[in-house]
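Single-letter residue listing:
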Amino acid sequence: MAPQVAASGATAAIIGGDLARLVGGAADYAALRMLLAPVTAAMPVAMILGNHDHRANFLGAFPTSAGVSQKVPNKHVMVLEHSGLRLVLLDSLLATDVTPGQLGQAQRTWLAQHLASAPPLPTAIVVHHTLTDQDGALVDAERLFDVVRPHPQVKTILYGHSHTYEVRERDGLQLINLPAVGYNFADTQPVGWVDSIWTDEGVDLTLRAIGGNQAANGQTTSVHWAR
Ligand SMILES: [Zn+2]
């Protein structure tokens, strides 16, 4: 997959978490560095932590990554801006190898202050955990929606964790659940990555399936901002 992404001509890549398979050992991130080498040679790569990651080990292997690091205690929070689009990359890692995720009060407070004070570029938030009320999802998902709702510059939230590829809308926000890059939980789901083209009006998502259900490989889903 990495050579395919590297050859895609994309200006940047984002990996939405669970960078490691289980407990985020130092060797896992060393392997990731090696696997990602074709991509990191071709474009900036931003990385988000998931429930199978280990923050200190990750930062040991990747002391710098794409974006500007934000001062949120014990969280890896980054902001990237490119061509009139702002990406806010949140950290929902609560504890390594514990399934649910949490942003926590300090990160939610930082996000509220950031959204209120930053010049209002169209903004996409990226977080690892699923935004549902399931036990293994983001435990403070409703509080995240409370923070985001008053700021219409936030157009979309991208997330993963469920190993499901789908787009739905809530409160005028486009919720984009990205597919898994490693393995699926259900045979109906693809394994792969999504090539995205962003405009002022929305984003075109083209599925690049490399495993699982590849029936929708190459199909583009046009997502239009609803606010
Ligand atoms: Zn996960």
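Please refer to the structure placed before this passage.
All values reported here derive from a predicted model rather than from experimental measurement.

1. Focus: the overall build of the protein chain
Working step 1: A tally of regular secondary structure across the protein chain gives five helices and 12 strands.
Working step 2: In terms of overall size, the protein chain behaves like a compact globule, its C-alpha atoms giving a radius of gyration of 16 Å where 227 residues would be expected to give roughly 17 Å.
Working step 3: Each principal axis of the C-alpha distribution contributes one length, and for the protein chain these read about 40 × 35 × 35 Å.
Working step 4: Taking all 227 residues of the protein chain together, the buried fraction comes to 37%.
Working step 5: A sequence separation of at least 24 residues applies to 58% of the contacts in the protein chain between residues at least 6 apart.

2. A few points about unusual backbone geometry
Working step 1: Positive phi is not limited to glycine here, since Asp 18 has a value of about 55°.
Working step 2: Even without being a glycine, Asn 74 presents a positive backbone phi close to 60°.
Working step 3: The class for Asn 74 is exposed, based on 11 C-beta atoms found within 10 Å.

3. Digging into helix α2 (residues 26–42)
Working step 1: With 17 residues, α2 should reach 24 Å at 1.5 Å per residue; the first-to-last C-alpha distance of 24 Å fits that figure.
Working step 2: At Leu 36, α2 shows its maximal bend, which comes to roughly 60°, and the proline Pro 38 appears one to four places after that position.
Working step 3: Buried residues of α2: Asp 28, Tyr 29 and Val 39, and no others.
Working step 4: Buried positions along α2 lie against α1 (2–6), β1 (13–15), β2 (45–47) and α3 (55–61).

4. Some words on the pairing of strand β9 (residues 173–177)
For a regular strand, side chains alternate in direction, first toward one face of the sheet and then toward the other.
Working step 1: Most of β9 is tucked away, with four of its five residues classed as buried.
Working step 2: Bridge analysis of strand β8 (residues 166–170) against β9 gives five bridges, and the strand direction is antiparallel. Looking at the pairing, Glu 169 lines up with Gln 174 of β9.
Working step 3: In sequence, β8 turns back onto β9 through a hairpin of two residues, with Asp 171 there showing a positive phi of about 55°.

5. Things to note about the pairing of strand β6 (residues 123–126)
Working step 1: Here β6 shows two buried faces, one formed by Thr 123 and Ile 125 and the other by Ala 124 and Val 126.
Working step 2: Where strand β5 (residues 85–89) meets β6, four bridges bridge the pair, whose relative direction is parallel. When the bridges of β6 are listed, Leu 89 appears paired with Val 126.
Working step 3: Crossover β5 to β6 through helix α4 (residues 105–117) is right-handed.

6. With respect to the sheet that holds β9
Working step 1: Pairing is mixed across the open sheet formed by seven strands, whose spatial order is β3-β4-β5-β6-β7-β9-β8. Each edge of the open sheet is held by one strand with a lone partner, namely β3 (68–69) and β8.
Working step 2: Summarising the sheet, strand β7 (residues 154–159) and β9 pair through four bridges and their orientation is parallel. Considered in β9, the bridge of Tyr 159 is made with Asn 177.

7. Digging into the sheet that holds strand β10 (residues 190–198)
Working step 1: Spatially, the three strands line up as an open sheet ordered β10-β11-β12, and their pairing is antiparallel. Each having just a single partner strand, β10 and β12 (220–224) make up the two edges of the open sheet. In this sheet, neighbouring strand axes are inclined to one another by 25° on average, regardless of whether the strands run parallel or antiparallel.
Working step 2: In terms of strand pairing, β10 meets strand β11 (residues 202–212) through nine bridges, oriented antiparallel. The partner of Val 194 across the bridge, within β11, is Leu 207.

8. Here's the deal with α4
Given 3.6 residues to a turn, an α-helix orients residues that are three or four positions apart in the same direction.
Working step 1: Over its 13 residues, α4 runs 18 Å from end to end, which matches the ideal 18 Å to within 8%, given 1.5 Å per residue.
Working step 2: Looking only at α4, the buried set comprises Gln 107, Trp 110 and Leu 111. Down the axis, α4 shows its buried residues gathered within 100° of arc, on one side only. Away from its buried face by more than 90 degrees, α4 exposes Gln 105, Gln 113, Ala 116 and Ser 117.

9. Here's the deal with the environment of Leu 35
Working step 1: Structurally, Leu 35 can be placed in helix α2.
Working step 2: Here Leu 35 falls in the exposed class, since 12 other C-beta atoms lie within 10 Å of it.
Working step 3: Between the C-alpha atoms of Leu 35 and Val 167, which are 132 residues apart in sequence, the distance is 29 Å.

Criteria and cut-off values
- Residues numbered from 1 in each chain as written.
- Predicted model: local features only at pLDDT ≥ 70, side-chain atom pairs only at ≥ 80, totals over all residues.
- Helix = DSSP H or I, 4+ residues; strand = E, 2+ residues; numbered from the N terminus.
- Rg over C-alpha atoms; globule rule 2.2 N^0.38 Å.
- Buried ≥ 20, exposed ≤ 12 C-beta atoms within 10 Å, placed from the backbone.
- Contact = placed C-beta atoms within 7 Å.
- Expected span 1.5 Å × (residues − 1).
- Bend = angle between axes of the 7 residues up to and from the residue.
- Pairing = 2+ DSSP bridges.
- Right-handed = clockwise from strand over helix to strand, strands pointing away.
- Axes fitted to C-alpha atoms, helices over the stretch in contact; angles between N-to-C directions.
- Arc of directions from axis to C-beta.

Geometric values such as these leave the question of function open.
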